[in-house]
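As a plain string of letters, each chain reads:
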Amino acid sequence: MAKMIGIITANYAVSALDALSYHRSVAAIPFGSRYRLIDFPLSNMTNTGIRTVGIITPYRYRSLMDHIGSGKDWSLDKKSGGLFMMPGSLYGIGSGQVKFPLSDMEENMVYLRRDTAPYVVISGSNVLCNMTYTPMLEQHIRSVADITLAY
């Protein structure tokens, strides 16, 4: 799947999870004792065939980095493509509304410019699902849309 690269926004905060996310990001919260919430979007992307994934990290990223490592568990420890950790801000606490991190995208635009893939999949780390993005990409191309949203 050389047509797509991925971005995972791992810099969300949820006030309902304060006790679990005080020292770690929501993306690093354990799920089923062995996994973390970040495993879902990472697996969805790599199972689709996406081999270049950027993760926008929050300021509490140590637990997330310890879990992800080099990306070897998802076959993202490559010289071409691979896993990219990108700095981000914290969104979600304060105003009561979750904000899409456009400023984080702008700050990390070099990640998008370095790759030749014409399509980008952006996923949050706080959505748990099992899906492949191939049918969505095919529908996106058929519809000639600027943006396709899965919800």
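Criteria and cut-off values
Residues numbered from 1 in each chain as written. Predicted model: local features only at pLDDT ≥ 70, side-chain atom pairs only at ≥ 80, totals over all residues. Heavy atoms only, no water. Helix = DSSP H or I, 4+ residues; strand = E, 2+ residues; numbered from the N terminus. Buried < 20%, exposed > 50% of the residue type's maximum accessible area, 1.4 Å probe, protein only. Contact = heavy atoms within 4.5 Å. Areas by Shrake-Rupley, 256 points an atom, 1.4 Å probe, with all protein chains shown as cover. Salt bridge = Lys/Arg side-chain N within 4 Å of Asp/Glu carboxyl O. 1 Å grid on protein atoms, 1.4 Å probe; cavity = no way out; pocket = protein on both sides within 12 Å on 5 of 7 lines; lining within 4 Å. Points joined across faces, edges and corners; volume = space filled by probe spheres on them. Nonpolar A, V, L, I, M, F, W, Y, C, P; charged D, E, K, R; others polar. pLDDT = per-residue confidence, 0-100. Core = buried A, V, L, I, M, F, W, Y, C linked by side-chain atoms within 4.5 Å.

**A short note on the overall build of the protein chain**
Okay, so step 1: What the protein chain contains, in helices and strands, is 5 helices and 6 strands.
Okay, so step 2: In the protein chain, the succession of helices and strands from N to C terminus is β-β-β-α-β-α-β-α-α-β-α.
Okay, so step 3: The proportion of buried residues among the 151 residues of the protein chain is 39%.
Okay, so step 4: Taking as baseline every contact in the protein chain between residues at least 6 positions apart, the subset at least 24 positions apart corresponds to 72%.
Okay, so step 5: Here the protein chain has roughly 9,100 Å² of accessible surface; of this, 53% comes from carbon and sulfur atoms.

**Section: the pattern of salt bridges**
Okay, so step 1: Counted according to the given criterion, the structure contains 1 salt bridge.
Okay, so step 2: Residues D66 and R62 are paired through a salt bridge, measuring 3.8 Å at the closest nitrogen-oxygen approach. Here D66 and its partner R62 are both found in helix α2 (residues 62-68), 4 residues apart, which amounts to about one turn of the helix.

**Quick notes on the layout of surface pockets**
Okay, so step 1: Computed from the structure, the largest pocket encloses a volume of approximately 780 Å³.
Okay, so step 2: Lining the largest pocket are 27 residues; nearest its centre among them are V121, I122, M136, T148 and L149.
Okay, so step 3: Those elements giving two or more residues to the lining of the largest pocket turn out to be β1 (4-9), α1 (39-48), β6 (119-124) and α5 (134-143).
Okay, so step 4: In terms of residue count, the dominant contributor to the lining of the largest pocket is β6 (6 residues).
Okay, so step 5: Its residues placed into classes, the lining of the largest pocket shows 19 nonpolar, 7 polar and 1 charged.
Okay, so step 6: Lining the second largest pocket we find T52, G81, F84, M85, M86, P87, N108, V110, Y111, R114 and D115.
Okay, so step 7: Mapped by element, the contributors of at least two residues to the lining of the second largest pocket are β5 (82-87) and α4 (109-114).
Okay, so step 8: Counting residues per element, the lining of the second largest pocket draws most heavily on β5, which supplies 4 residues.
Okay, so step 9: Among the residues forming the lining of the second largest pocket, the class breakdown is 6 nonpolar, 3 polar and 2 charged.

**Description of α1**
Okay, so step 1: Within α1, 7 of the 10 residues are buried, leaving the element largely enclosed by the surrounding structure.
Okay, so step 2: Of all the positions in α1, only D39, P41, L42, N44, M45, T46 and T48 are classed as buried.
Okay, so step 3: Backbone geometry just downstream of α1 places G49 in the positive-phi region, at approximately 110°.

**Topic: the confidence of the model for the protein chain**
Okay, so step 1: On average, residues of the protein chain score 83 in pLDDT, and 81% of them are at 70 or above.
Okay, so step 2: Low pLDDT (under 50) marks residues 92-98, which in the prediction has 7 contacts with non-local residues, meaning those over four places away or in another chain.

**Some words on the nonpolar core**
Okay, so step 1: One finds I38, L42, V53, I55, L64 and I68 to be the most contacted residues of the largest nonpolar core, which totals 19 residues.
Okay, so step 2: Within the residue set of this core, elements represented by two or more residues are β1, α1, β4 (52-57) and α2.
Okay, so step 3: In this view, V53 contacts G6, I8, L42, M45, L76, G82, L83, F84 and Y111; residues no more than four positions away in its chain are not counted.
Okay, so step 4: Within the second largest apolar cluster, 7 residues are counted, among which are I5, I56, M86 and Y111.

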